[in-house]
Amino acid sequence: MGTKEKLIERFKRQPKDFSFEELTRLFRILGFEISQKGKTSGSRVEFVNSEKELSYGAHKPHPDSAIKSYVVKQVLEFLTLNKLI
């Protein structure tokens, strides 16, 4: 199993310490690009897959980099619903 598959499997287990950097890698693996809406976006980012016409908006967590468990669950539902994982 490669690193991409390991990251996807780790995400599916919904760990409490899943970082924003890991989430960014996960979305990139699945064909998304990161879009920040200019200087006024603050911590808000949008993951965009123009090929499948999908997007997912999220906030960078702060002060630490771990994503809240409810966000991990929402992202899992989004990716599962759209048959990406």
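Everything below is about the structure printed above this text.
Everything numeric in this text was worked out from a predicted model, so none of it was measured.

*Asks:* Honestly, unusual backbone geometry in this entry has me stumped. Any pointers?
*Replies:* Apart from glycine, the bulk of residues carry a negative phi angle, and the bulk of peptide bonds sit in the trans form. The omega torsion of the bond from His62 to Pro63 falls at 10°, within 30 degrees of zero and hence cis. With respect to the element layout, Pro63 can be found in the loop between strand S3 (54–59) and helix H3 (69–81). Backbone geometry places Lys83, a non-glycine residue, at a positive phi of 55°. Positionally, Lys83 belongs in the segment after H3. Owing to a relative accessible area of 72%, Lys83 belongs among the exposed residues under this scheme.

*Asks:* I would appreciate a short explanation of helix H2 (residues 20–29) in the present structure.
*Replies:* Every buried residue of H2 is listed here: Phe20, Glu22, Leu23, Thr24, Leu26 and Phe27. As for H2, its buried residues are in contact with helix H1 (3–12), strand S1 (33–35), strand S2 (44–49), S3 and H3. Positioned one or two residues after H2, Gly31 has a phi angle of 95°, which is positive.

*Asks:* In this structure, what is going on with the sheet that holds S3? I would like to understand it.
*Replies:* Strand order in this open sheet of three strands is S1-S2-S3, and the pairing throughout is antiparallel. For this open sheet the edge positions go to S1 and S3, each flanked by a neighbour on one side alone. Going from strand to strand, the sheet's axes swing by 25° on average, the running direction of each strand aside. The pairing of S1 with S2 spans three bridges and is classified as antiparallel. Looking at S2, one finds that Glu33 is bridged to Val48.

Parameters at a glance
- Residues numbered from 1 in each chain as written.
- Predicted model: local features only at pLDDT ≥ 70, side-chain atom pairs only at ≥ 80, totals over all residues.
- Heavy atoms only, no water.
- Helix = DSSP H or I, 4+ residues; strand = E, 2+ residues; numbered from the N terminus.
- Buried < 20%, exposed > 50% of the residue type's maximum accessible area, 1.4 Å probe, protein only.
- Contact = heavy atoms within 4.5 Å.
- Pairing = 2+ DSSP bridges.
- Axes fitted to C-alpha atoms, helices over the stretch in contact; angles between N-to-C directions.

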